[in-house]
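# Structural characterization, general
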Amino acid sequence: DEGKASLKIENLNFSELLKELYEAFTIVAMRKNIGFTFSAPEVIRINGDSIKLKQLFSNLIDNAIKYTPDGGGISLKVQSGKDQVTVVLKDTGIGIPSDNLPYIFDRFYRVDTSRSRLSGGVGLGLSICQWIVKAHQGTIDVKSQPHYGTTFVITLPTKLA
């Protein structure tokens, strides 16, 4: 969290990494009666830290499940570009008010205190996610509408500079 951790870069099958997370979180989603879909090319190779990337996407998927009500849906789509990969994680959850969006990556920021009581979080997850994305020379963007859901778009280069 202090930005001091170093990355252990390796060439990895990014599609396989996300597929493993999808399979693990599908069980959690099913318990809440949440539909969860995944689509990706069979093989996308990128240079990255597999542990940090798993932490990044585990946190985002966990949040999607946590804030999506029973009967909702989550989709995880991976698209391969020339020199980058784009991951779109979309949910039909409670959403984030627009006046809160500029702050969600700030350390210890909580959209409201009831969410903290609901989930037990302290507001570090998304700031850590942003750090991991930046450490991989990528971008993370979010769009959200209360009562309709949230979409995170993460773009990562396939090779680090």
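Conventions we followed
Residues numbered from 1 in each chain as written. Predicted model: local features only at pLDDT ≥ 70, side-chain atom pairs only at ≥ 80, totals over all residues. Heavy atoms only, no water. Phe/Tyr/Trp six-rings, centres within 6.5 Å; stacked < 30°, edge-to-face > 60°. Helix = DSSP H or I, 4+ residues; strand = E, 2+ residues; numbered from the N terminus. Buried < 20%, exposed > 50% of the residue type's maximum accessible area, 1.4 Å probe, protein only. Pairing = 2+ DSSP bridges. Axes fitted to C-alpha atoms, helices over the stretch in contact; angles between N-to-C directions. Contact = heavy atoms within 4.5 Å.

## Some words on the packing of aromatic side chains
If you walk through the whole model with that rule in mind, you get three aromatic pairs. Between Phe14 and Phe57, the aromatic rings sit 5.8 Å apart at their centres with planes inclined by 65°, giving edge-to-face as the arrangement. Of the two residues, Phe14 is situated in helix α1 (residues 14-31) and Phe57 in helix α2 (residues 50-66); the sequence distance between them amounts to 43 residues. Across the pair, exposure class does not vary: Phe14 and Phe57 are buried alike. Taking the centre distance of 5.3 Å and the plane angle of 20° together, the rings of Tyr22 and Phe38 count as stacked. Separated by 16 residues along the polypeptide, Tyr22 in helix α1 and Phe38 in strand β2 (residues 35-39) bring together distant segments of the chain.

## Remarks on the sheet that holds β2
Two orientations exist for strands paired in a sheet by backbone hydrogen bonds: parallel and antiparallel. Pairing is mixed in the open sheet, where five strands are placed in the order β2-β4-β5-β7-β6. The strands lining the two open edges of the sheet, one partner per strand, are β2 and β6 (139-145). Neighbouring strand axes in the sheet, compared pairwise and without regard to direction, differ in orientation by 10° on average. Two elements, β2 and strand β4 (residues 73-80), share five bridges in a ladder whose sense is parallel. Of the residues in β4, the one forming a bridge with Phe36 is Ile74. The sheet strands contacting α1 are β2, β4, β5 (84-91) and β7 (149-157), and the helix crosses β2 at an angle near 170°. Relative to β5, α2 is tilted by about 20°, and along the sheet it contacts β2, β4, β5, β6 and β7.

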